[in-house]
Amino acid sequence: MKKSAKAFSVHLFTASGSAFALFAMLAAGNNDWSIMFLWLLGALIVDGIDGPLARHYHVKKYAANWDGVLLDLIIDYLTYVFIPAYAFAQSGLLPEWEGWIAAIVISTTGVVYFADTRMKTSDNSFSGFPGCWNMVVLVLFALWPPAWVSMVFIAVLALAQFFSLKFIHPVRTVRWRPLSLVMMLLWVGMAFWIGWTDFQPAPLARIGLIISSAYLLFAGIAQQLVPAKTAA
């Protein structure tokens, strides 16, 4: 296969995330939240794989007519922000007006964050909370805390999108990457378990989800507080 064909196939693989988004939205429209999360989880896996594939096959060189970054951002907004916002509004996780407020806050701040050219740091982490509302809403569905706790959590993360707080990219942030990859795989495994059991998992799944979520949420901030040692 020609290099250009291989590179373009990576774009097609990225674009498959739009199909996952469509199926997730259809499931959400039927109030089938566990199926929605499984489709979103599939989109998350695609998003985690397509970047390394794009760099390996040099898509910027051999498939330069298509902007892979823009393609990725469009699908990410659908799967990370828009569909989770809909879930907050319609699922009953929050009372009606709180759910709509959360959905409006998530969808509007999310699109502004995704348009920010300063979202990436020099070490390939994110500056500000990277709008991973798909992960947030799954955690809240799994734990189902009081509505005020969810609202405070959403408000804090929405504001965190616009502060220079560091959030790791589990694949691209080099520092602590082995542990980050383990935690990301743990999160994906626990999320699949929880979605598969229709949010009725064993306590171990919830514990694993809380531990991995806490690491992914705070590892970057910890790296800011404890800078890496440089060679003398």
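Residues numbered from 1 in each chain as written. Predicted model: local features only at pLDDT ≥ 70, side-chain atom pairs only at ≥ 80, totals over all residues. Heavy atoms only, no water.

Turning to the environment of tryptophan 144, a few remarks are in order. Structurally, tryptophan 144 can be placed in the loop between helix 6 (133–143) and helix 7 (147–160). Accessibility expressed as a relative area gives 44% for tryptophan 144, which makes it partly exposed. For the pair tryptophan 144 and phenylalanine 199, spaced 55 residues apart in sequence, the C-alpha to C-alpha distance is 9.7 Å. Not counting the four nearest positions on each side in its chain, tryptophan 144 is found in contact with Gly92 and Leu93. (Helix = DSSP H or I, 4+ residues; strand = E, 2+ residues; numbered from the N terminus. Buried < 20%, exposed > 50% of the residue type's maximum accessible area, 1.4 Å probe, protein only. Contact = heavy atoms within 4.5 Å.)

Tallied over the entire structure, the rule returns 14 aromatic pairs. Pairing tyrosine 77 with phenylalanine 114 gives two aromatic rings, centres 6.2 Å apart and planes at 75°, and the pair type is edge-to-face. Highlighted residues: tyrosine 77 in helix 4 (residues 68–90) and phenylalanine 114 in helix 5 (residues 96–114), separated in sequence by 37 residues. When sorted by exposure, tyrosine 77 lands in the same class as phenylalanine 114, which is buried. A network of ring pairs unites the aromatic residues Trp33, Phe37, Phe141, Trp144 and Phe199 as a single cluster. (Phe/Tyr/Trp six-rings, centres within 6.5 Å; stacked < 30°, edge-to-face > 60°.)

A few words on the pattern of salt bridges. Pairs may arise between side chains of opposite charge once their charged atoms sit close together. Enumeration over the complete set of coordinates arrives at two salt bridges. Between arginine 118 and aspartate 116 there is a salt bridge; the shortest N-O distance is 3.0 Å. Between aspartate 123 and lysine 166 there is a salt bridge; the shortest N-O distance is 2.5 Å. Placement of the pair is aspartate 123 in the loop between helix 5 and strand 1 (126–127) and lysine 166 in strand 2 (residues 166–167), with a sequence separation of 43 residues. (Salt bridge = Lys/Arg side-chain N within 4 Å of Asp/Glu carboxyl O.)

Think of an α-helix as 3.6 residues a turn; residues three or four steps apart then line up on the same face. Look at helix 2 (residues 33–56): 35 Å from first C-alpha to last across 24 residues, which is about the 34 Å you get at 1.5 Å a residue. When the local axis directions of helix 2 are compared, the greatest deviation, roughly 25°, occurs at aspartate 50, which is followed within four positions by the proline proline 52. A positive phi of about 50° marks histidine 58, the residue just after helix 2. (Expected span 1.5 Å × (residues − 1). Bend = angle between axes of the 7 residues up to and from the residue.)

Moving on: the confidence of the model for the chain. Detailed reading of predicted coordinates is not advised where the pLDDT is low. On average, residues of the chain carry a pLDDT of 90, and 98% of them reach 70 or more. Per-residue pLDDT, averaged within each element of the chain, yields its smallest value for helix 3 (residues 59–62) (83) and its largest for helix 7 (95). (pLDDT = per-residue confidence, 0-100.)

Each pair of packed helices can be described by the angle between their axes along with the distance between the axes. Look at helix 6 against helix 9 (residues 203–225): their axes get within 11 Å of each other, and the N-to-C directions meet at 150°. Between helix 6 and helix 9 the crossing geometry is left-handed. Residues Met135, Leu138, Val139, Ala142 and Leu143 of helix 6 form the contact with helix 9, whose own contacting residues are Arg206, Leu209, Ile210, Ser213 and Leu216. Class assignment of the residues belonging to the contact of helix 6 with helix 9 gives a composition of eight nonpolar, one polar and one charged. (Axes fitted to C-alpha atoms, helices over the stretch in contact; angles between N-to-C directions. Left-handed = near helix turned anticlockwise from the far one by under 90°. Nonpolar A, V, L, I, M, F, W, Y, C, P; charged D, E, K, R; others polar.)

In contact at an axis separation of 8 Å, helix 1 (residues 3–29) and helix 2 are set at 170° when each is read in the N-to-C sense. It follows that helix 1 is roughly antiparallel to helix 2 by the angle criterion. Touching Val10, Phe13, Thr14, Ser16, Phe20, Phe23, Ala24, Ala27 and Ala28 of helix 1 are Trp33, Ile35, Met36, Trp39, Leu40, Gly42, Ala43, Val46, Ile49, Asp50, Leu53 and Ala54, all from helix 2. Here the contact of helix 1 with helix 2 is built from residues that sort into 17 nonpolar, three polar and one charged. (Parallel < 35°, antiparallel > 145°, perpendicular 65-115°, else oblique.)

Where nonpolar side chains cluster on the molecular surface, the patch consists of Val111, Val112, Leu159, Phe162, Phe163 and Leu165 and spans about 550 Å² of accessible area. Mapped onto the elements, phenylalanine 162 comes out in the loop between helix 7 and strand 2. In this structure phenylalanine 162 comes out as partly exposed when scored by relative accessible area, which is 41%. (Patch = residues over 30% accessible without salt bridge, like charges linked within 9 Å, V, L, I, M, F, W, Y side chains within 5 Å. Areas by Shrake-Rupley, 256 points an atom, 1.4 Å probe, with all protein chains shown as cover.)

Moving on: the side chain of serine 212. Mapped onto the fold, serine 212 is located in helix 9. You can call serine 212 buried: its relative accessible area is 0%. Within the structure, the side chain of serine 212 is placed 3.2 Å from the backbone oxygen of leucine 209, a separation counted as a polar contact. Apart from residues no more than four positions distant in its own chain, serine 212 is found in contact with Met183, Leu186 and Trp187. (Polar contact = N/O pair within 3.5 Å; in protein donor to acceptor, adjacent residues only side chain to side chain.)

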